[in-house]
Amino acid sequence: MPSPAVPEIVEEALHEAIDARTESLVGLRELGPPDLVHLVKQNVRNPGKQTGIYHHVTGVDASSSASLAAYINTLTYKEHGPSATTKIVEGLYCCYNAFSRLDMRVHVSIPGTVEAYCVDERGEKREAHDDLWLETYLCSVLRAYSYADDGSGDTIRKIMGVRRFNPVTSTETEHRFLHAAEQLFFRGWQLGSSSTVQVPTNVSNHLTEGLLKYLETTGRFVSGINLFEKLRTQSVEVSSLLARVMFMGSEEVSGIRVLHESLQQAPMDYVMLDAQAEFLLKKAQTAPTPDARTERLRMALGCADRSTIAAPSEFGTWARLARVYVAMEDWENALTILNSCPMFTYQDKDAPLMPEPKEVNLPILAETRLDEIDSESEGRFSEQVDVSLLNLRAASHRGTFKEAYSILTEMTAKIGWDQLLKIRSNVFVMEDEYRTGPKADAAQGAAKRTPSMDGLRGTPDPSNRNGDDDEDEEDDENEDGESKDKQPNGESNVEKPSQTIDPQVVKADKEGNENEEHLYRLNTKRLCERWLDTLFMVLYDDLRVYTIWRTQMAQFRAQDIQYKKSAEEWEILGSLAERLQHFDEAVEAYTACLTLRFSPRALAGVLRVYEKTKNTRETVAAIIRLVTWQYRWYSEFSPELLQSIRALIEEEGAVKVRSIIQATSLPQNVLDLTHHYAALCATFRSSGTEG
C-alpha cells in the first residue's frame, strides 16, 4: 500500500510553527493536538535560501526517538532525485505527552545527528528519559483514535493537512499497546475525559475510552478481557469495563455474573450500575413478549435510579434514567429527569493554533483519483444555501446538549410536538402561569388555548388583556350604581334580611380559594431549566423547517414538478431529518445530494441506514468511496470504516466481501484501498476471515 501524500504548509517566517506550538502548551487540557512535523528545505542552487514547511500527523510509532527520526527520514527520501530543486536539511518531530504535560521533540540534522529532548509548559528544555517515552507512545495511540475521522469528513475538515495512520496494525503492536495501557492504567484519569463526564475516574477517562474504541473496532475482545481481568485484581471498579467488553463479545452471561459479584463488594459504584441499566435497556428492545419487556425495563429503572443517587453530578446517569422512562413511555417522568440532568460546557479536542501560512500545498495521490469524488471540491463552495437552513442551531450541539437534544427528539418522534407540549405544561410552570394570578388562569381556561399556543414562552394571550380586571371594575360599578338607584336619599325600597353576608367578604373568600388552588398547582410543578427551555425553542425551529420541507415536497409531487435544492441544502436537510429521527426522509435527502455531487457526510448517513437494513452490496459501494475520499485527504485509517468492514466480514464471510469489492466497476487502485482494510481484519483474525 502506498503511503498517503504529504501536505505542505509553508511558513511566512522560519520556525514560526514551532514557536506557536511552544506557546500553546500551557493551554492544553487533555490529550493534546496531533503531532507536528516541521521541515527546513534548502534550495540546491542557493544554500542560503531556506523555507520552513510543516504538516500534522497521528498514528506514528512514538515509542522512542529512533522511530520518530525514522519518520522524518522517510520524508527526505521523497525529495531526492536528479530533478529535485530543493532538499531537506533538518526536521523536527513534536509529540505531546499528556501524562507529564511535556512536548517530546526529536531534532534530525541531515546529514548529521539526532537529538531528543522535551519542552515543558514554560518553554524550557528538559532531558527525555525512557519512562517519558512510554507515556508518549500511549498518548500517541489514543490520539490516533481520538482524532480519527468517522467517515463523514467532519474531523478531516477541522484541521488542515493531517496525515492519519493506523497505530496498531498487527498482534505484535497490539501487545505493545495493551502492555503500555496496563502499566499506566491507574493514571488514566490524568488525561481527562469526554465532555459528558464531569469528573474523570479510573474507569471513565480518555485512556479507557480509547481502549474500548480499539476493542470495538478490531473485535479483539479476548485481548481486552484478559487485560481487564488482570486489572480487576487491583481494583474492583474495573469490573464495569470487563463486563462491557464481555457484552461486546457476546459473553452476556459472564458479563452479568461479573457485575453481580462486583456490586456485592461495591454496591454504589455508579459506572457498574449504569452498565447494568444500559444492558437491560438494550435487552428490553429485543424482548420476546410485552411482559418480558416490562420486567426488563423495571429492572433497568432500579439500576439507573440507583446510579443517579451514587453519582448525582454526572450527566450520563441522569440521561440513562431519562432514556429508561422514555422506553417505558412515562413521558412526564422522562421530562422531569431530563430537566434534572447536570449540563457541562463542551470542551473541544485540543487543536493546533498556527499562524496564517504563506502557502498551502495539498497534493493528491494518483491512487485516489475517482471522477465522482473529484467533483466534490469543485462545486462545494459555489452553492447557494437557504439562510433558514444555515441558522439551525441544533446542528452545532455537542456534548451533553447534543445527548439531551437526542432524548427530546426521541420523545417527539414517538408522541408528537403537541403532545410533548401538553406534558411540558403539566410538568413545568409556564412563564405566564408564574407571572399572573388565579384570575389570569381562569381567563386562560375560558379561552381554551391550544398546547401549541402555550408551547413557546412569551406567547401573547389575546384573552388576557385586562379582561378580568375590566370585568371586575364593571361589576363594582354596577353594584354601586344599583345601590344608588335603589336607595335614593340613602334609603332602600327593599328590606334587607337580618342574616346577610357582605359581598366583599364573599369575594375575598373566593379569591382566597383560587389563590390556594393556584399555589398548589405551582408547588406541584417544577421550573424548567433555561437550557432545556432553549432546547424546546431549537426543536421548534427544526420541526418548523422540516414541516415546510415535507409540505413543499408533497405539493410539488402532487403537481408532478421536480423539487429543486442545491447539494449543500440536501445535505443539511438530510442531517435535519436524521436529527429528528425520521430516517427514511434522511436517506431521501442524502440520496438527492449524492445525485448532484459527492458528499462524504451524505454518503456516511446513507451507509448507517444500509448497515441497519443489511444491504450488503450498497454498503460495500459506500465504504469503497468513503475509504477513497479519506485516503485522498491523507487518512489511511478510520475506525468506523474498519468496523463496518469487519461487521460485513463477520456477517457474510471474507471471501464474499472481497468478491463484492472486486466486482465493483471502479479502478483497481481504488479497490486496493478497501482491500487493505479487509486485510487488517484477516491480520487480527476477525470472525469470518478463517479459510
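Overview of the structure. (Residues numbered from 1 in each chain as written. Predicted model: local features only at pLDDT ≥ 70, side-chain atom pairs only at ≥ 80, totals over all residues. Heavy atoms only, no water.)

### Quick word on the side chain of T136
Just so we agree on the cut-off: Think of it this way: any DSSP run of H or I at least four residues long counts as a helix, any run of E at least two long counts as a strand, and we number them from the N terminus. Polar contact is the term for a pair of N or O atoms within 3.5 Å; when the atoms are in protein, one must be able to donate a hydrogen and the other to accept it, and sequence-neighboring residues count only if both atoms are side-chain atoms. Every residue pair with non-hydrogen atoms within 4.5 Å of one another is taken to be in contact.
If you trace the backbone, T136 turns up in helix 3 (residues 130-146). A polar contact of 2.7 Å, which involves the side chain of T136, links it to the backbone oxygen of L132. Residues contacting T136, with those up to four places away along its chain left out, are A62, C95, N97 and M104.

### Details of the packing of aromatic side chains
Definition in use: Only Phe, Tyr and Trp rings take part, Trp by its six-membered ring, and two of them pair if their centres are within 6.5 Å. Stacked means planes under 30 degrees apart, edge-to-face means over 60, and tilted covers everything else. Residue burial is assigned from relative accessible area. The probe radius is 1.4 Å, only protein chains are included, and a residue is buried under 20% of its type maximum, exposed over 50%, and partly exposed in between. Think of it as a cone above the ring: NZ of Lys or CZ of Arg counts as a charge over the ring if it is within 6 Å of the ring centre and within 35 degrees of the ring normal.
Overall, the coordinates contain 16 aromatic pairs when judged by the stated rule. Ring centres of F247 and F279 lie 4.4 Å apart, and the angle between their planes is 15 degrees; this geometry places the pair in the stacked category. Pair noted here: F247 is in helix 8 (residues 239-248) and F279 is in helix 10 (residues 270-285), with a separation of 32 residues, a long-range link. The burial state of F247 is the same as that of F279; both residues are buried. Here Y546 and W549 contribute two aromatic rings whose centre-to-centre distance is 5.6 Å and whose plane-to-plane angle is 80 degrees, an arrangement assigned as edge-to-face. Linking Y546 with W549, this pair stays in helix 23 (residues 530-558), spanning three residues, or about one helical turn. With respect to class, Y546 is no different from W549; both count as buried. An aromatic cluster of at least three residues, connected via ring pairs, comprises Y145, F177, Y214, F637 and F684. Above the plane of the ring of Y137 lies R176, whose end atom (NZ or CZ) is 5.6 Å from the centre.

### Describing the pairing of strand 2 (residues 35-43)
Note the cut-off: Here a strand pair is declared whenever DSSP counts at least two bridges between the two strands.
For strand 2, a buried count of eight out of nine residues is recorded, marking the element as mostly surrounded by other parts of the structure. Where strand 2 and strand 3 (residues 50-58) come together, eight bridges link them in antiparallel fashion. Residue pairing across strands places L36 opposite H56, the latter belonging to strand 3. Turn length for the strand 2-strand 3 hairpin, with the two strands adjacent in sequence and antiparallel, is six residues. In this sheet, strand 4 (residues 86-97) lies alongside strand 2 in antiparallel orientation, the contact comprising eight bridges. Residue pairing in the sheet places V40 in a bridge with E90 of strand 4.

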